[in-house]
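# Observations on the three-dimensional arrangement
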Amino acid sequence: MEQLQNVFASTDLRRKIIAGLAAAGMFAAILAMTNLASKPSLTLLYSGLETSQAGEIVKSLEARGVTYDIRGGSIFVEAAQRDALRMTLASEGLPANNTKGYELLDSLNGFGTTAQMFDAAYWRAKEGELARTIAASPLVSTARVHIANSSRNPFQKNAEPSASVSVTATDGAMPANHAKALRYLVASAVAGLSPDNVTVIDDKGGLIGTSDEVATSGAGQDKAEALRAKVQNLIEARVGYGNAVVEVSVDTITETESIRETLIDPESRVAISTDTEERSGNSTEAAGGDVTVASNLPDGAAGGGGDGNSSQNTETRERVNYEVSETLREVTRAAGAIKRLSVAVLVNGTEITNAEGQTVFEPRSAAELETLKELVSSAVGYDEARGDVITLKSLQFQPLDTVGTAATSSFMSSMALDVMSLIQIGVLALVALVLGLFVLRPILTKPAPATSLSPTQSLGYTPDGAQPLNGEIASENEGLGAVDFANQNALPDTVSTLEEDPVERLRNLIAERQDETVQILRSWLENKEEKA
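Residues numbered from 1 in each chain as written. Predicted model: local features only at pLDDT ≥ 70, side-chain atom pairs only at ≥ 80, totals over all residues. Heavy atoms only, no water.

To be explicit about the condition: UniProt positions are given in the numbering used here, feature names are shortened, and annotations may be inferred rather than shown by experiment.
An unreviewed UniProt entry annotates the protein as Flagellar M-ring protein of Lentibacter algarum. According to the UniProt record, the Sequence similarities (unreviewed entry) comment for the protein reads "Belongs to the FliF family." Under Function (unreviewed entry), UniProt gives the following word-for-word description of the protein: "The M ring may be actively involved in energy transduction."

Written out as structure tokens, the structure reads:
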């Protein structure tokens with residue numbers, strides 16, 4: 001410490017200022033490194049939230065005393081607390097969907113509310129309730145519902161309501177079956193709304209689960225999945241879990257067909273009614289004579305005699321109505337019927353020990369495979385006339401790579417430092433090292449004294465490496481003897497003999513060079529007087 005003070009005192013003012021600034025810079029770098037090392041590593045908690053949602057989460061974090069940071073709409077917390085905070089906030093319903101439902105109707109009063117205002121508030125409440133219900137699903141993070149109801153216009157005829165649903169999936173994709181369920185959910189909540197008039201849109205602007213997709217591919221995928229599960233359970237009951245792979249492909253009919261057929265059998269008839277009509281009549285023709293007054297009398301007393309003709313007619317008519325046998329058949333074939341079925345089953349073999357004690361693979365026997373094939377045929381409803389195909393093979397399974405399925409800890413994860421923190425610490429450490437090596441060290445290093453002596457004062461170096469006098473005295477009570485400068489050639493021999501004892505060598509040099517020693521002492525005294 002005393003040597004450092006002496007060196008600092010011997011330097012000039014410029015070097016002192018440079019040394020002070022360099023020391024301050026190095027101290028600041030070390031302080032920044034310490035601050036970064038002690039600062040916790042922050043990781044992303046939530047991003048892309050609405051302002052109200054982010055405010056509720058920040059309020060909850062402040063109530064818990066959690067260290068957080070907000071960077072451009074994203075909330076960062078300590079990496080060690082992130083998962084626990086997500087589960088805790090989820091239990092409190094955060095981030096919450098702030099869409100209002102039927103509570104909008106609570107603010108309405110009967111005095112200042114018109115029918116139009118009530119209808120608008122009612123449909124807003126209906127949309128909010130549906131959005132809440134949809135967002136409650138674990139597959140949906142946010143949802144918006146819009147209902148176009150035409151009941152307000154009484155002059156519009158045959159107008160059907162429609163609706164659109166905009167959802168944001170948690171994993172980036174929503175299954176078509178879930179979208180179909182959403183359409184039926186909205187259609188059931190709105191009177192007169194058909195599921196075909198409900199459109200589901202994802203956050204990327206694409207339609208999810210349209211009616212055409214459900215009619216064509218949806219039915220076939222559902223049937224294939226159901227058949228695959230049946231065959232998988234059946235095969236694994238024999239070969240064991242994980243020793244069978246089943247794939248089912250179902251080709252379905254995509255068009256709708258309606259057939260109407262009428263068959264008439266002329267040989268088969270039934271009398272359904274009989275109509276009989278009978279007619280009878282009598283006619284009499286009198287003989288001719290003169291017409292007199294007596295012939296016109298009622299009793300005919302005055303009638304004259306003569307011959308007359310009489311006739312009687314009887315007519316019978318029968319009509320029978322028959323009904324011919326007729327068969328009317330109407331057949332409607334909807335889309336989704338199985339047109340062709342293909343089943344592929346891969347079964348793992350068994351491992352046996354041979355005579356040499358080695359474990360070898362052995363495929364399953366043909367009889368066992370045939371039995372399994374019969375079971376598969378019965379499970380899927382195999383129809384040879386339809387063109388169904390069932391393929392069952394026994395091959396050796398290769399071990400699957402499970403990289404990334406197990407949670408492992410590394411050195412970097414234990415330090416809880418991210419890449420940017422390491423880069424910052426490295427840069428600051430490099431700055432501190434540069435300041436220490438290239439600034440402070442040259443300044444604090446004592447420079448070699450540059451003493452210029454006159455020719456009469458120069459001690460010189462001898463070819464053997466003898467050093468000149470440097471003005472240092474080994475002992476305080478030792479005097480200066482006489483030095484003979486006449487014989488300078490003897491100096492190297494004297495010095496070479498005293499190389500082992502520097503003190504003795506200095507004494508001999510002072511004794512031999514007394515005049516030069518006196519001049520050096522005089523120069524020291526003069527320098528001290530000038531400083532004083």
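### A closer look at the sheet that holds strand 10 (residues 338–348)
How we decide: Note: two strands are recorded as paired if DSSP finds a minimum of 2 bridges between them. The helix and strand labels rest on DSSP assignments: H or I over at least four residues marks a helix, E over at least two residues marks a strand, and numbering proceeds from the N terminus. Where helices are involved, their axes are fitted lines through C-alpha atoms of the stretch in contact, as for all axes, and angles between N-to-C directions lie from 0 to 180°. We call two residues in contact whenever any of their non-hydrogen atoms come within 4.5 Å of each other.
Here we have three strands laid out as an open sheet, ordered 7-10-13, and mixed in their pairing. This sheet does not close on itself; its edge strands, each paired only once, are strand 7 (244–252) and strand 13 (389–395). If you compare each strand with its neighbour and ignore which way they point, the axes differ by 10° on average. Where strand 10 lies against strand 13, seven bridges are found, and the strand directions are parallel. For Val-347, the partnering residue across the bridge sits in strand 13 and is Ser-394. Sheet contacts for helix 8 (residues 366–380): strand 10 and strand 13; angle to strand 13, the most-contacted strand, approximately 145°.

### Focus on the packing of aromatic side chains
The cut-off we apply is this: Under the pairing criterion, centres of Phe, Tyr and Trp rings, with the six-membered ring standing for Trp, must be within 6.5 Å; the plane angle then separates stacked pairs below 30 degrees from edge-to-face pairs above 60, leaving the rest tilted. By the criterion adopted, a ring carries a charge over it if an Arg CZ or a Lys NZ lies within 6 Å of its centre and within 35 degrees of its normal.
Evaluation of the coordinates by the stated rule reveals one aromatic pair. Geometrically, the ring pair formed by Tyr-122 and Trp-123 is edge-to-face, given 5.4 Å between the ring centres and 75° between the ring planes. For the cation-ring pair, Arg-71 lies above Phe-76, with the distance from its terminal atom to the ring centre recorded as 4.3 Å.

### Section: the nonpolar core
Heads up, the condition is: Put simply, buried Ala, Val, Leu, Ile, Met, Phe, Trp, Tyr and Cys residues joined by side-chain atoms within 4.5 Å make one nonpolar core. For every residue, the accessible area obtained with a 1.4 Å probe (protein chains only) is divided by the maximum for its type, and the residue is called buried under 20%, exposed over 50%, and partly exposed between those limits.
If you look at the biggest cluster of nonpolar residues, it comprises 22 residues, and the most contacted ones within it are Ile-134, Val-167 and Val-186. Counting residues per element, the ones that place at least two in this core are helix 5 (115–135), strand 4 (140–148), strand 5 (162–169), helix 6 (176–189) and strand 6 (198–201). With residues near it in sequence (within four places) discarded, Val-186 still touches Leu-130, Ile-134, Ala-163, Val-165, Leu-193 and Val-198. Counting 19 residues, the second largest nonpolar core, distinct from the first, contains Val-231, Val-250, Val-345 and Val-376.

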